[in-house]
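Observations on chain architecture
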Amino acid sequence: MTDKTETATLSSDATEVRAQKLKLLREKIGDVYPAHFHRTITNAELAEKYKDLESDIETTDVVTVAGRVYSSRNSGMFMDIHDAGGKIQIFSHKDVTPEAAREMLAMIDIGDIIGVTGTVRRTKRGELSINAQEITMLTKSLLPMPEKWNGIADVEIRYRKRHLDILSNEESKLRFQQRSKILSGIRRFMEDDGFMEVETPMLHSVYGGATAEPFKTHHNTLKLDMYLRIAPELFLKRTLVSGLTDKVFEINRNFRNEGVSTRHNPEFTMMECYWAYADYEDIMDLVERLFEKLALQVHGTTEFPFGDKQLSFKGPFKRVPMPDAVKEVTGIDFLAIKTDEEARAAAKAAGFEVEKDWTWGECLAFIFEEKVEGTLIQPSHVTHFPKDISPFAKEVPGEPRLVERFETYCNAWELGNAFSELNDPEEQRRRMVEQLEQAHARGEKDKQLDDEFLDAIDQGMPPAGGLGIGVDRLTMLLTNAPSIRDVILFPARKAKAD
RNA sequence: GAGAGCGUAGCUCAGCUGGUAGAGCAACUGACUUUUAAUCAGUAGGUCAUGGGUUCGAGCCCCAUCGCUCUCACCA
């Protein structure tokens, strides 16, 4: 394959060496990136099948494995190759490996993907191995692998070149495998609970269902300004009106043109569901059952660590009305306060800076966010939100300033938001018009009234409980990830100047 | 959008009050035939993010720009 005069000409620059080896390989064996190669067993299956094989025992079982070369010892006599599920040691020795296969070793670099056919054995030192009879180059890698002990630590590279992160950091690989299982776990839970998954538009000509700045785009043929959806809520409710199903859900991306942080990405995954003939208390039960199931799936138990905290997803969760929570922490009894003026005065007296036009509900919500939110470490449902900030929720009977809404908090993060959904068409229209006026007053010129939604509500939407769950944040908690970018494969980045 | 911090070899990181640019891994040349963070000897690899400035002299000090991280704001 190659003799000393050829190898002596190799440069010491890693990428140049690989390019030269690729050229030599093409001359010698032709196709360095073959289209057809079939392994007979994966590395994980191999480990399972031969877990009882004793040390220093050689079998006559011939297998074909494949994977990326992660390390090489004794001039390639021992190589570890990894596929997505595990690793296997390749043993290439003159007693067991034909000359032609051993010549290939000089052309193999760490990072290359190879296929190996040979017999299964366990070495004296107890390492399950393949005695190589045939070695096939499947993919020559042109770039060096990241450092083998520390992997990629530079967060910029970890996010921009995610393949290097996952290639070199086992923790990162496991986390994304776990995310996939969480996603399918949510889907299975919802389906088992009788919910039907639907897909509603990502491109909206009128955006709504949440208060957020949208991404704006344009459809050329329709000559129509459009928005990437900030929430699927209004379409899912229209689905509920249709009678297609009494239990509907969607798992998909929402887009919000706002700040990025360790807990915010411009596109994020939301599970949203609507359940006819149920109310927000039924939804609380549902959230608890879902969280408990996911914790069991990921950790095998409902108790698990996050950072230096210990979380428990064992239901039932603490349930506390917002006015009670605020009273407990600050002593301010909002239920005893009658007017907006009094609310602002009470807030000011307690040391909060409030805007002149704030309502009773806005003062209550503000103090909740300032003082209570940060204390909610274990999963908790905060109920009885002010109506002023909840345009889609039904009033609490006997307390028209509050609505049947709850948010689920954990680790001081908002994870879920749910209501007994408003289905009174006149009340719904009133509240949406009010929201629209407020938006226009803030300078949001693009905000429009969603007539198609209001028309559907006029048709009659069954009473229902609805819920939105932030899947990324839930995944962060379940996989002990400090940043949302650790659970999103390709998080939003600025364009690189070079 | 505001504040704080960071940017040194392909990767992980040192580099003191300003005085010749360093290590480990990876790579290359050899030795070594049962290793597993293999080992041993040697070699090569740098516009110290970029552009200005101060200084006899700048990786280090100053200014600007770019990128990243964290905190805050908007928000989930």
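For the structure, see preceding data.
Parameters at a glance
Residues numbered from 1 in each chain as written. Chains lettered and ligands numbered in written order. Predicted model: local features only at pLDDT ≥ 70, side-chain atom pairs only at ≥ 80, totals over all residues. Heavy atoms only, no water. Near = heavy atom within 4 Å. Polar contact = N/O pair within 3.5 Å; in protein donor to acceptor, adjacent residues only side chain to side chain. Helix = DSSP H or I, 4+ residues; strand = E, 2+ residues; numbered from the N terminus. Nonpolar A, V, L, I, M, F, W, Y, C, P; charged D, E, K, R; others polar. Pairing = 2+ DSSP bridges. Buried < 20%, exposed > 50% of the residue type's maximum accessible area, 1.4 Å probe, protein only. Axes fitted to C-alpha atoms, helices over the stretch in contact; angles between N-to-C directions.

**A look at the protein's contact with RNA strand B**
- The environment of RNA strand B is formed by 53 residues, the closest being Ser75, Arg125, Trp149, His264 and Arg473.
- At a separation of 3.1 Å, a base oxygen of RNA strand B approaches a polar backbone atom of Gly259.
- Here a sugar or linking oxygen of RNA strand B and a side-chain polar atom of Glu414 are 3.1 Å apart.
- Considering every element that reaches the surface near RNA strand B, the biggest residue donor is helix H5 (residues 155–160), with 5 residues.
- Across the surface near RNA strand B, the residue classes tally to 16 nonpolar, 16 polar and 21 charged.

**Thoughts on the sheet that holds strand E8 (residues 216–219)**
- With antiparallel pairing, 3 strands are arranged side by side in an open sheet as E7-E9-E8. Each of the sheet's edge strands pairs with one partner strand only, and the pair in question is strand E7 (203–204) and E8.
- Across 2 bridges, E7 lies against strand E9 (residues 224–228) in antiparallel orientation. The residue bridging His204 from the neighbouring strand is Tyr227, located in E9.

**Digging into unusual backbone geometry**
- Look at the link from Gly315 to Pro316: it is a cis peptide, with omega at -5 degrees.
- Secondary-structure assignment places Pro316 in the loop between strand E13 (309–312) and strand E14 (318–321).
- Even without being glycine, Ser75 reaches a positive phi, approximately 55 degrees.
- Here Ser75 lies in the loop between strand E1 (57–73) and strand E2 (78–83).
- A positive phi angle, close to 60 degrees, is found at His384, a residue other than glycine.
- Structurally, the position occupied by His384 is in strand E15 (residues 380–386).

**A look at helix H8 (residues 233–242)**
- Buried residues dominate H8, accounting for 8 of its 10 residues.
- Three or more residues of H8 are buried, namely Glu233, Leu234, Phe235, Leu236, Lys237, Thr239, Leu240 and Val241.
- In the segment just after H8, Gly243 is the residue with positive phi, at about 75 degrees.

**Digging into the pairing of strand E5 (residues 128–139)**
- Looking at chain direction, strand E3 (residues 86–91) and E5 are connected through 3 bridges and run parallel. Paired with Ile90 across the strands is Ile130, a residue of E5.
- Of the pairings in the sheet, the one linking strand E4 (residues 113–122) to E5 comprises 10 bridges and is antiparallel in character. Bridge pairing in E5 places Thr117 opposite Glu134.
- Counting the residues that bridge the hairpin from E4 to E5 gives 5 residues, and of these Gly126 lies at a positive phi of roughly 95 degrees.

**Here we look at the sheet that holds E2**
- Reading around the barrel, the 5 strands line up as E1-E2-E3-E5-E4 and close back on themselves, with mixed pairing between neighbours. For this sheet, the mean inter-axis angle between neighbouring strands, taken without regard to orientation, is 50 degrees.

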